[in-house]
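What the coordinates show
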Amino acid sequence: MFRTSYLKTRVKLSKKSGGLWFGLAWLIGAALVTQVQGAADHVEIDSEQSFINVEVHVPLQNFRSHLASYNAAVGLGGDGNISDVALTFRFSDLHSGNGVRDAHMMAWLGGVEATGAFILESLTSAADGTEHALGLLEIHGVKQPVKFPVVVERHGRDYTISGEVHFDYRQWELPLLSRVGERVDPQLTVRFKLAGTAQ
């Protein structure tokens, strides 16, 4: 008699709790789907907080050119880490503050229609904790690999990628550049900072 009552009670509880468990499972599933659908997959770059500068070394006076406009696409993996970077730009958007000098630079680079690009191939961490980027840099229609240290900072949904690249422009089949009889150092330095929010 006791066993029969226990079984009846157990069946009644199972029927009543079945709806509760189904409801909980549905809510959990919906939350997971929402989380996946709402996961950020890229960083929207804020041009006001970012910059790309090229430093040119000349014996009498070094100068810096600022890249005023560019397109930067920064992708995120499922773990929220940087997965890919694609940067495209026009050399006519490089401004040094000297119009005559900029015109000379444009002629050297192949004209105002000349474009450049950088595509990230890998981002790895060294044993000392520093991160290094490896990618293809395109200048003057020539692509060459470049590797350089970067600092990637993440605070919540805000990301910052910064670093500097040193390279010899002759690797991109550009001739030695001279300015008023002075040869421009073929070693260029690019300093950059890309800041934005995950979307």
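Residues numbered from 1 in each chain as written. Predicted model: local features only at pLDDT ≥ 70, side-chain atom pairs only at ≥ 80, totals over all residues. Heavy atoms only, no water.

Re the overall build of the protein
Looking only at helices and strands, the protein features 2 helices and 13 strands. In the protein, which comprises 199 residues, the share counted as buried stands at 32%. In the protein, of all internal contacts separated by at least 6 residues, the share reaching a separation of at least 24 is 56%. Accessible surface for the protein amounts to roughly 12600 Å². Of this, 57% is attributable to carbon and sulfur atoms. (Helix = DSSP H or I, 4+ residues; strand = E, 2+ residues; numbered from the N terminus. Buried < 20%, exposed > 50% of the residue type's maximum accessible area, 1.4 Å probe, protein only. Contact = heavy atoms within 4.5 Å. Areas by Shrake-Rupley, 256 points an atom, 1.4 Å probe, with all protein chains shown as cover.)

Focus on empty space enclosed by the protein
Evaluation of the coordinates by the stated rule reveals 2 cavities of 30 Å³ or more. Lining the largest cavity we find 32 residues, and of these Ile52, Leu87, Phe118, Leu137 and Val190 sit closest to its centre. Looking at the lining of the largest cavity, its residues break down into 31 nonpolar, 1 polar and no charged. (1 Å grid on protein atoms, 1.4 Å probe; cavity = no way out; pocket = protein on both sides within 12 Å on 5 of 7 lines; lining within 4 Å. Points joined across faces, edges and corners; volume = space filled by probe spheres on them. Nonpolar A, V, L, I, M, F, W, Y, C, P; charged D, E, K, R; others polar.)

Brief notes about helix H2 (residues 99-109)
All of the buried residues along H2 are Arg101, Asp102, Met105, Met106, Trp108 and Leu109. For H2, the angular spread of buried residues about the axis comes to 160°, placing them on one side. For H2, the exposed residues set more than 90 degrees away from the buried face come down to Gly99, Val100 and Ala107. Backbone nitrogen of valine 100 and a side-chain oxygen of the N-cap are separated by 3.1 Å at the start of H2; the cap is asparagine 98. (Arc of directions from axis to C-beta. Polar contact = N/O pair within 3.5 Å; in protein donor to acceptor, adjacent residues only side chain to side chain.)

A few points about the confidence of the model for the protein
Across the protein, the average pLDDT comes to 84, with 78% of residues at 70 or higher. Considering only residues more than four positions removed or in separate chains, one finds that residues 22-27, a stretch of pLDDT under 50, has 0 contacts. (pLDDT = per-residue confidence, 0-100.)

Let's talk about unusual backbone geometry
One non-glycine residue, histidine 140, lies in positive phi territory at about 60°. By secondary structure assignment, the location of histidine 140 is in the loop between strand S8 (131-139) and strand S9 (142-155). Among the residues examined, histidine 140 registers a relative accessible area of 36% and is labelled partly exposed. With a phi angle near 65°, glutamate 173 is a residue other than glycine that sits in the positive phi range.

What about the nonpolar core?
With 44 residues, the main nonpolar core has Val56, Ile82, Phe91, Ile139, Phe148 and Phe167 as its most contacted residues. At 5 residues, strand S13 (residues 187-198) tops the list of elements feeding residues into this core. Beyond its immediate chain neighbours, meaning those up to four positions away, valine 56 contacts Asn62, Phe63, Met105, Val184 and Leu188. (Core = buried A, V, L, I, M, F, W, Y, C linked by side-chain atoms within 4.5 Å.)

Examining the pattern of salt bridges
Evaluation of the coordinates by the stated rule reveals 4 salt bridges. Here glutamate 55 and arginine 191 are joined by a salt bridge, their closest N and O atoms 2.6 Å apart. Here the residue glutamate 55 occupies a position in strand S2 (residues 51-56), and arginine 191 occupies one in strand S13, the gap between them amounting to 136 residues. Looking at glutamate 55, the relative accessible area reads 19%, which means it is buried. Among the residues examined, arginine 191 registers a relative accessible area of 30% and is labelled partly exposed. Among the ionic pairs, aspartate 168 bridges to arginine 170, the shortest N-O distance being 2.6 Å. (Salt bridge = Lys/Arg side-chain N within 4 Å of Asp/Glu carboxyl O.)

As for the environment of tyrosine 70
Within the secondary structure, tyrosine 70 sits in the loop between strand S3 (63-67) and strand S4 (71-76). On the accessibility criterion, tyrosine 70 (16% relative accessible area) is buried. Residues tyrosine 70 and aspartate 93, 23 residues apart in the sequence, show an inter-C-alpha distance of 8.0 Å.

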